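Listed below are the residues making up each chain.
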Amino acid sequence: FAHLSAGDLLRAHMKSGSPDGNMVAEMIKQGQIVPSEVTVNLLLDAMRASGKDKFLIDGFPRNKENRDAWEITAGYDCDMVLFFDCPEDVMTQRLLGRNEGRTDDNIETIKKRFKTFTDSSMPVVEYYRGLGKVASVDAVASPEEVYASVKDHFAKFA
């Protein structure tokens, strides 16, 4: 599998200094979701460039519009959604403690991101859960236990 992070692709796009990259930077700073066509095209470009045919796309789709744009533009849907189940208090401590210098790692933006996730992303997770495509992982467990659970979910694709 090629691992593609929608966030990493967007952050690289932001650093490009292009008007589109600057718009992405401001939206991320505000805890908002970037327009779907921007993210879909970045992902499709990265997929083509990878030379692989199996992908783990991290952080996408974030909302129904993302999901719809993906299906229309890419012409297919995912086989599985990996959902890391973790309480907000644990996630907050992890985000504040990662010290990566990201502009969105502050308590105000984190709270906005949680609200956006609950309002926009959870309906997508529930949609996929209804299709039987969600693989849940207890993300409070130790890194070794989380890895083992993830590995088990991917075994069917080997």
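Further up the page is the structure itself.
Residues numbered from 1 in each chain as written. Predicted model: local features only at pLDDT ≥ 70, side-chain atom pairs only at ≥ 80, totals over all residues. Heavy atoms only, no water.

A. Structural view of the overall build of the protein chain. Looking only at helices and strands, the protein chain has 7 helices and 4 strands in total. Along the protein chain, helices (α) and strands (β) appear in the sequence β-α-α-α-β-α-β-α-α-β-α when read from the amino end. Rg of the C-alpha trace for the protein chain: 16 Å, near the compact-globule value of 15 Å for 158 residues, within the 12% margin. In terms of principal-axis extent, the alpha carbons of the protein chain reach across some 40 × 35 × 25 Å. (Helix = DSSP H or I, 4+ residues; strand = E, 2+ residues; numbered from the N terminus. Rg over C-alpha atoms; globule rule 2.2 N^0.38 Å.)

B. Representation of the packing of helix H5 (residues 88–97) against helix H6 (residues 107–130). Packing of H5 against H6 brings their axes to within 11 Å, and their N-to-C directions diverge by 135°. In terms of orientation, H5 lies oblique with respect to H6. In this structure, the crossing between H5 and H6 has a hand that is right-handed. The residues of H6 that touch H5, namely those facing Glu88, Met91, Thr92, Leu95 and Leu96, are Ile107, Ile110, Arg113, Phe114 and Thr118. Of the residues assigned to the contact of H5 with H6, the class counts are 6 nonpolar, 2 polar and 2 charged. (Axes fitted to C-alpha atoms, helices over the stretch in contact; angles between N-to-C directions. Parallel < 35°, antiparallel > 145°, perpendicular 65-115°, else oblique. Left-handed = near helix turned anticlockwise from the far one by under 90°. Contact = heavy atoms within 4.5 Å. Nonpolar A, V, L, I, M, F, W, Y, C, P; charged D, E, K, R; others polar.)

C. Representation of helix H3 (residues 36–50). A rise of 1.5 Å per residue sets the reference length of H3, with its 15 residues, at 21 Å; its end C-alpha atoms lie 21 Å apart and thus fit the reference within 8%. If you check which residues of H3 are buried, you get Ser36, Val38, Thr39, Val40, Leu42, Leu43, Leu44, Ala46 and Met47. Backbone geometry just downstream of H3 places Gly51 in the positive-phi region, at approximately 75°. (Expected span 1.5 Å × (residues − 1). Buried < 20%, exposed > 50% of the residue type's maximum accessible area, 1.4 Å probe, protein only.)

D. Spotlight on the nonpolar core. One finds Leu4, Ala6, Val40, Leu43, Leu44, Ala46, Met47, Phe60, Ala69, Trp70 and Ala74 forming the largest nonpolar core, which totals 11 residues. For this core, the leading source of residues is H3, giving 5 residues. Once you skip the residues sitting within four places of it in the chain, Ala46 turns out to touch Leu4 and Leu9. Judged by nonpolar contacts, the second largest core, of 7 residues, contains Leu10, Val34, Val38 and Leu42. (Core = buried A, V, L, I, M, F, W, Y, C linked by side-chain atoms within 4.5 Å.)

E. Representation of helix H7 (residues 143–154) in the model. Helix length check: H7, at 12 residues, gives a terminal C-alpha distance of 17 Å against a target of 16 Å (1.5 Å per residue), a fit within 8%. Within H7, burial applies to Val146, Val150 and Phe154. Looking down the long axis of H7, one finds its buried residues gathered within 70° of arc, a one-sided arrangement. Among the exposed residues of H7, those oriented more than 90 degrees off its buried face are Glu144, Glu145, Lys151 and Asp152. Against strand S2 (55–58), strand S3 (81–85) and strand S4 (134–138) lie the buried residues of H7. (Arc of directions from axis to C-beta.)

F. Looking closely at unusual backbone geometry. Following Phe60, the chain continues to Pro61 via a peptide bond in cis, the omega torsion being 0°. Examined against the element boundaries, Pro61 turns out to sit in the loop between S2 and helix H4 (64–74).

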